[in-house]
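Per-entry structural report
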Amino acid sequence: MLKLPLNDEFNIFIQDYQKAETYIPIVVATLNKCGQGTIYFGVNNKGEAIGTLHIRNTIASVLKDFESNITPKIYPSISLLEQNKNIIKVSFCGTNRPYSYKSKFYLRDHNDIRLLDYESIMKELKFIDKEHFKEEEEISLPLRNIDEQRIKRTFETAINAKKYSSKSKSFSFKKILVNWGLSKNGKPTKAGILLYGKKLPLSLTINVYDNEKNSNIIETKFMKGNILEFIDFLLPYLKKTYIEKFRIKNSAYPENIIKEIIINAFLHANYYYGNEFIVNLSPYKISVLNPGKFPDEYFPEDFAFTHARPIITNKIIGKILGYECLASLSGKGFKLLFENKKDIKPYSMKQNGSMFQFTYFIYTDKNKYLSIDKAVISILSEKPFVKSEEIAKKIGKTRRTVQTILKELKEKNLIVRKGSKKTGYWVVNK
């Protein structure tokens with residue numbers, strides 16, 4: 001008998017479909033607690049599969065419940081976990097906390113669901129009482145804790161690249177510290193320590209996996225250091241890993257895009273929430289996690305294709321990375337993400353508690369699983385009742401293009417349409 005793990009933080013077990021007011025508050029509470037979760041319809045509270053009765057009606061009702069009752073909008077992924085037992089798996093995630101059900105805010109505390117007002121939920125999520133990291137604040141350490149030689153290297157790079165102009169071409173350690181905001185009152189600032197600190201203020205974990213599902217770790221590296229040490233190590237390491245270990249051709253490796261992703265992680269991190277950075281690598285995919293969150297009102301496309309103004313939260317760190325010729329600070333770096341775009345959106349974003357995760361997919365000829373046909377088939381497998389408008393939004397194509405793709409897939413006998421145009425659903429032929 002199928003038995004699922006009892007993980008109270010993420011999983012919701014429901015024996016059969018119930019009305020929205022019964023389970024949607026639990027979904028909202030889970031989103032606000034974890035940012036993600038899974039409902040299993042047809043599973044009892046012991047994690048045992050008992051089956052559900054009406055698959056088609058349940059899927060349609062769940063989609064309607066999510067669309068109509070949760071604010072901001074959440075689009076779940078629905079699939080059959082076990083055909084014979086009729087176990088329906090509904091996965092959901094969201095990065096725009098706090099979420100609400102009919103203007104009410106809930107938060108999960110193990111098996112308890114708490115109803116909170118807006119101010120309370122914001123405090124619980126630490127969006128009010130924890131302000132953004134103040135990089136200009138001084139800390140009680142002597143200046144010898146800052147790497148003078150590394151600052152001198154930045155100074156020379158900035159002068160040669162005409163990123164920084166100085167009356168004197170000679171390097172003065174203490175003057176540069178003050179002028180660049182790296183020291184105050186004879187003490188290092190937080191930015192100074194994060195960028196050049198000898199006390200190893202940050203931690204970095206790199207996990208290398210053997211496939212896209214992150215099944216087996218084939219290499220792990222852990223480091224302590226500062227921002228520039230990490231960047232100096234990461235950029236050549238990533239290139240070597242993809243080209244030598246994953247055997248991706250040099251011409252197919254988007255070096256500028258990967259560089260932008262790494263720089264952004266350090267530039268836009270909210271160090272108030274932590275000092276840990278994680279990089280997960282697998283063939284054709286890189287995921288970077290850093291403390292903080294992406295601005296709720298924006299997507300990368302806004303900075304890439306519209307006139308959205310750049311948001312530089314850590315201005316001192318940004319300035320130094322500019323001197324290092326690593327960051328342009330123009331706000332248009334995200335446009336690089338779409339240079340290699342072929343068929344579908346090349347990135348995904350997810351909030352994991354206080355950590356923001358950005359994943360980028362590397363496109364090559366061998367990267368067949370990211371083809372347009374497979375992208376559409378994958379969506380139909382997860383959401384049989386999906387509309388062509390939603391598919392178009394997910395893969396970044398027009399509705400007419402999606403209709404053409406669906407027609408071609410039907411002609412190839414890869415998919416079958418069951419039922420009417422309005423109430424029917426898709427079946428993917430295995």
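This text gives an overview of the structure that appears in the document. Keep in mind that this is a model prediction, so the values were computed, not measured.

1. Some points on the packing of aromatic side chains
Counted under the stated rule, the structure contains 19 aromatic pairs. Among the aromatic residues, those joined into a ring-pair cluster are Phe 155, Tyr 164, Phe 171, Trp 180 and Tyr 323.

2. Here we look at helix α8 (residues 255-267)
The end-to-end C-alpha separation of α8 is 18 Å, in line with the 18 Å expected for 13 residues at 1.5 Å each. A large share of α8 lies buried, amounting to ten of its 13 residues. Considered for burial, the residues of α8 that qualify are Ile 257, Ile 258, Glu 260, Ile 261, Ile 262, Ile 263, Asn 264, Ala 265, Phe 266 and Leu 267.

3. What about helix α1 (residues 20-34)?
A rise of 1.5 Å per residue sets the reference length of α1, with its 15 residues, at 21 Å; its end C-alpha atoms lie 20 Å apart and thus fit the reference within 8%. Taking burial as the measure, the 15 residues of α1 include eleven buried ones, the bulk of the element. When α1 is considered as a whole, its buried residues turn out to be Ala 20, Tyr 23, Ile 24, Pro 25, Val 27, Val 28, Ala 29, Thr 30, Leu 31, Asn 32 and Cys 34. Phi for Gly 35, located one or two positions after α1, is positive at around 80°.

4. Describing the nonpolar core
Trp 180, Ile 227, Leu 238, Tyr 271, Leu 281, Ile 286 and Leu 321 are the most contacted members of the largest nonpolar core, which totals 68 residues. If we skip the residues at most four places from it in the chain, Trp 180 touches Ile 151, Thr 154, Phe 155, Tyr 164, Tyr 196, Ile 316, Lys 319, Ile 320 and Tyr 323.

5. Things to note about the packing of helix α7 (residues 227-245) against α8
Between α7 and α8, the least distance of the axes is 11 Å, while the angle of their chain directions is 155°. Between α7 and α8, the crossing angle belongs to the class labelled roughly antiparallel. The handedness of the crossing between α7 and α8 comes out as right-handed. Along the contact surface, α7 presents Ile 227, Phe 230, Ile 231, Leu 234, Leu 235, Leu 238 and Lys 239, while α8 presents Glu 255, Ile 258, Lys 259, Ile 262, Ile 263 and Phe 266. Residue classes in the contact of α7 with α8 are distributed as ten nonpolar, no polar and three charged.

6. Digging into the pattern of salt bridges
For side chains of opposite charge, pairing can occur when their charged atoms come near one another. Taken as a whole and assessed by the stated rule, the structure comprises eight salt bridges. Between Glu 255 and Lys 239 there is a salt bridge; the shortest N-O distance is 3.2 Å. Residue Glu 255 is found in helix α8, and its partner Lys 239 is found in helix α7; the two are separated by 16 residues along the sequence. What makes Glu 255 partly exposed here is its relative accessible area of 42%.

What counts, and at which threshold
- The residue numbers shown here count from 1 along each chain, following its written sequence.
- Reporting in this predicted model follows two pLDDT cut-offs: at least 70 for local features of residues, and 80 or more for side-chain atom pairs to be given and counted; totals over whole chains, interfaces and linings ignore these cut-offs and use all residues.
- By convention in this description, side-chain values take in all heavy atoms of the structure and omit both hydrogens and water.
- Stacked, tilted and edge-to-face pairs are distinguished by plane angle, under 30 degrees for stacked and over 60 for edge-to-face with tilted covering the rest, among Phe, Tyr and Trp rings (Trp via its six-membered ring) whose centres lie within 6.5 Å.
- Here a helix means four or more residues in a row that DSSP labels H or I, a strand means two or more in a row labelled E, and each is numbered from the N terminus.
- Under the convention used throughout, the expected extent of a helix is 1.5 Å for every residue step, that is, one less than its residue count.
- To sort residues, take the accessible area from a 1.4 Å probe on protein chains only and compare it with the maximum for the residue type: under 20% means buried, over 50% means exposed, and anything in between is partly exposed.
- To define a nonpolar core, start from buried Ala, Val, Leu, Ile, Met, Phe, Trp, Tyr and Cys residues and group those joined through side-chain atoms within 4.5 Å.
- Contacts between residues were defined by any pair of non-hydrogen atoms, one from each residue, lying within 4.5 Å.
- Structural elements are reduced to axes, namely lines fitted to C-alpha atoms, with helices fitted over the stretch in contact, and the angle between N-to-C directions of any two is expressed from 0 to 180 degrees.
- Throughout, the term roughly parallel applies to angles under 35 degrees, roughly antiparallel to angles over 145, roughly perpendicular to angles from 65 to 115, and oblique to all others.
- In this scheme the handedness of a crossing depends on how the near helix is turned from the far one: anticlockwise by less than a right angle means left-handed, clockwise means right-handed.
- Only Asp, Glu, Lys and Arg are considered charged in this grouping, and only Ala, Val, Leu, Ile, Met, Phe, Trp, Tyr, Cys and Pro are considered nonpolar; every other residue, Gly among them, is considered polar.
- Salt bridges are identified by distance alone: a Lys or Arg side-chain nitrogen within 4 Å of an Asp or Glu carboxyl oxygen.

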